[in-house]
Amino acid sequence: MTSHLSVRETIREDLAAAMERDPAATSRWVVLLTSAGLHAIWMHRVAHRWWQHGRLRWPARLLAYASRSITGIEIHPGARIGRRFFIDHGMGVVIGETAVIGDDVMLFHGVTLGGTSGRRVKRHPTLGNQVMVGAGAKILGDVHVGSRVKVGANSVIVKDVPTGAVATGIPAQYRFPQLGDLPAMSSEERLYADPALFI
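Residues numbered from 1 in each chain as written. Predicted model: local features only at pLDDT ≥ 70, side-chain atom pairs only at ≥ 80, totals over all residues. Heavy atoms only, no water.

Description of the pairing of strand β15 (residues 172-175)
Spelled out, the test is: For two strands to be treated as a pair, DSSP must find no fewer than two bridges joining them. Counting from the N terminus, the helices are the DSSP runs of H or I reaching at least four residues and the strands are the DSSP runs of E reaching at least two.
Pairing geometry for strand β14 (residues 166-169) and β15, over four bridges, is antiparallel. Bridging from a neighbouring strand, V166 pairs with R175 of β15. As consecutive antiparallel partners, β14 and β15 are separated by two residues.

With respect to the nonpolar core
Within soluble globular proteins, side chains that are nonpolar tend to cluster in buried spots. Quick note on the threshold: Put simply, buried Ala, Val, Leu, Ile, Met, Phe, Trp, Tyr and Cys residues joined by side-chain atoms within 4.5 Å make one nonpolar core. Buried means the residue's accessible area, taken with a 1.4 Å probe over protein chains only, is under 20% of the maximum for its type, while exposed means over 50%, and partly exposed covers the values in between. Residue contacts are defined here by distance: any two heavy atoms, one from each residue, within 4.5 Å place the two residues in contact.
Membership of the largest hydrophobic core comes to 39 residues, with the highest contact counts inside it found for F85, I95, L107, L127, V133 and I139. Every element with two or more residues in this core is listed here: α1 (7-21), α3 (36-51), β3 (86-87) and β6 (106-107). The leading source of residues in this core is α3, at four residues. Leave out the neighbours within four places in its chain, and L127 touches V100, I101, G102, V105, L107, L113, V133, I139 and V145. Residues A47, W51, A60 and L63 belong to the second largest nonpolar core, which totals five residues.

Considering the sheet that holds strand β7 (residues 112-114)
Strand order across the open sheet formed by five strands is β1-β4-β7-β10-β13, with parallel pairing between neighbours. Each edge of the sheet is formed by a strand with only one pairing partner; in this case those strands are β1 (74-75) and β13 (156-157). Bridging between β7 and strand β10 (residues 138-140) involves three bridges; their strand directions are parallel. Bridging across to β10, G114 finds its partner in L140.

What follows is the structure, encoded as C-alpha cells:
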C-alpha cells in the first residue's frame, strides 16, 4: 500500500484511473473539480499519512470527518488504500479502520467495507488488486476478497472470495462464469441465464 510517487504523480494517476473507468467522464477538468470519489481519496491520503504519526491522529480524524461532510464518503484514516483507487458516484461509501484495499480497485455508491467485531483487532475486509464492488454491496468482517473479483450490487460477503470469482447474493455465493460455457444466445438471453456475467 505504500507508494513512492510524488503528490502530483499520485493525483495524475488517480485522475487517469477515473477517466478510464467512468464513461460519463468527458473532461479532466470537470472530473478534477466535481468527482467526490477523487476528493475523498485525496483527503484520505493526507489523513492516512497523519494517522501513521500517533501525535497527529486527532487531526487525521478531523480531516476524515470534514471529508465525509463534503463528499458523503466515510473513510477511516487508518484504512490502507492502494494506487489508482476510484469510487464512482460515492455517496454512502463506508471504509473501516482496518480495511486494506489493493491497487486498481473500484467501488460504487453505497458500498460498506465494515467490521464485525467490537475488539481492537483486524476486523475489516482485505481486497486484492483489480476488484470491482457493485452499488450497495456489503463486505463484512476480516474476510479476504482475492484479486480480479467482481462483487454484485447489493451482495453481502461474510466469507473469503477466491481470486477471479464473481460473488453475488445474500449471503454471497461465488462462481467462475465463462461466457463460452453458455449455449449460443443473444445478450438479453445471456443476461437472464446468468446476470452475474454482466457485472
